[in-house]
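Listed below are the residues making up each chain.
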Amino acid sequence: MKTERLYYNDPYLLEFDANVLDAKPVGDRIGVVLDRTAFYPTSGGQPNDLGTINDVALVDCIEDEPTGTVVHVLQGRISGDRVHGRVDPARRNDHMQQHSGQHVLSQAFVELFNWPTISFHLGVVACTIDLPVDSVSREQATKAEDLANRIVQENRPVAVRYLAQEQLADAGLRKPTERTGDVRVIDISAYDRSACGGTHVRMTGEIGPILITRIERSKKQARVEFICGNRVVRYAKEANRALEAISQTISSPPLETASAVRTLWDEHQQMRKRLEDLESELLDHEAAQFPVKDGIAAA
Ligand SMILES: [Zn+2]
């Protein structure tokens, strides 16, 4: 029996009751299979949810593809056939913001430059998308970031639809899917349609700001690192504190510190070169005072 995925139709559901179908060892822990679950298992670039089942901490949540079940790996044992699950709300909300933001940003690169996203990874600190190009300039990244933030501010509805295979050809999906049977499609109103099994927000405004933090090249691909929502707010606070500290140290307004540090660095390099020249001159001077004859100092 497959596990019913409650998060498919209600990603805001954080508590649920379920029946235990199976319990089996996973490493040195116990993995519990339920008839229904609100916990998202690691898949499609999105990490698993955490939380508790009957107040016992969930340490991992795994998709068992051959059986279509979700295995809940618990820190300890639970008793009884009926359980109550609680999803960690902060982690769920964070993943919804990052993953929905990824749909918006990926489509921005398609609309502006026709670059499809090859892969996506949601990390603990930042998320990445890989694009099939040698490089992405800061200017191009900024254009995509601006379009993505406009879609967020327009607060567009995000709907979940189920399409039959014969409907897929005309569905206008951003990327073809290899999924069989009915396909779950995430539809951002008049903007993007993607086959996806993850957890997403219901309105784009809930994603919050989207910020590209880094661009790097890797094996004929460009990797764009980004953060969304509360992560951007935390980042802005930390970056502001760092700027304030630099600003006080070098007595320059925070937003002018980059050019001020550049000037200081150039001066530092010139001073170092001058010091090296002076040391060299000093050595020459000392050598002239104490001439060496046959490898022995004459003085
Ligand atoms: Zn998704």
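Relevant structure appears above.
Keep in mind it's a predicted model, so treat the numbers as computed, not measured.

**Side note on the coordination of the zinc ion**
Every protein donor of the zinc ion is listed here as His-99 (NE2), His-103 (NE2), Cys-196 (SG) and His-200 (NE2), and their distances to the metal cover 2.0 to 2.1 Å. Seen from the zinc ion, its four donor atoms lie at angles of 97 to 126 degrees, and the figure they make is tetrahedral. Sequence spacing of the donor residues for the zinc ion, all on one chain, is H-x3-H-x92-C-x3-H. A residue pair is termed long-range when its members are at least 10 positions apart, and His-99 in helix H2 (residues 89–113) and His-200 in the loop between strand S13 (192–195) and strand S14 (210–218) qualify at 101 residues. The same class applies to His-99 and to His-200, which are both buried.

**Comments concerning the pattern of salt bridges**
This model, assessed by the stated rule, comprises 16 salt bridges. Here Asp-130 and Arg-223 are joined by a salt bridge, their closest N and O atoms 2.8 Å apart. You can see Asp-130 sitting in strand S10 (residues 127–131) and its partner Arg-223 sitting in strand S15 (residues 221–228), a full 93 residues away along the chain. Across the pair Glu-206 and Arg-202 runs a salt bridge, and its minimum N-O distance is 3.7 Å. Judged by relative accessible area, which is 29%, Glu-206 ranks as partly exposed. Judged by its relative accessible area of 47%, Arg-202 falls in the partly exposed class. By sharing partners, the salt bridges in this structure join Glu-15, Asp-55 and Arg-86 into a single network.

**A word on helix H5 (residues 230–250)**
Between its first and last C-alpha atoms H5 spans 30 Å; for 21 residues at 1.5 Å apiece the expected length is 30 Å, and the two agree. Listed in full, the buried residues belonging to H5 are Arg-231, Val-232 and Ser-247. Buried residues of H5 fall within an arc of 125 degrees about the axis and therefore sit on the same side. In H5, those exposed residues whose orientation departs by more than 90 degrees from the buried face are Lys-237, Glu-238, Arg-241, Gln-248 and Thr-249. Packed against the buried residues of H5 are H2, strand S9 (119–122), S10, S14, S15 and helix H6 (257–289). Downstream of H5 by one or two residues, Ser-251 has phi in the positive range, about 50 degrees.

Each value, and the rule that gives it
Residues numbered from 1 in each chain as written. Predicted model: local features only at pLDDT ≥ 70, side-chain atom pairs only at ≥ 80, totals over all residues. Heavy atoms only, no water. Donors = N, O, S within 2.8 Å, 3.2 Å for Na, K, Ca; no water. Tetrahedral: all angles 85-135°; square planar, octahedral: opposite > 155°, others 65-115°. Helix = DSSP H or I, 4+ residues; strand = E, 2+ residues; numbered from the N terminus. Buried < 20%, exposed > 50% of the residue type's maximum accessible area, 1.4 Å probe, protein only. Salt bridge = Lys/Arg side-chain N within 4 Å of Asp/Glu carboxyl O. Expected span 1.5 Å × (residues − 1). Arc of directions from axis to C-beta. Contact = heavy atoms within 4.5 Å.

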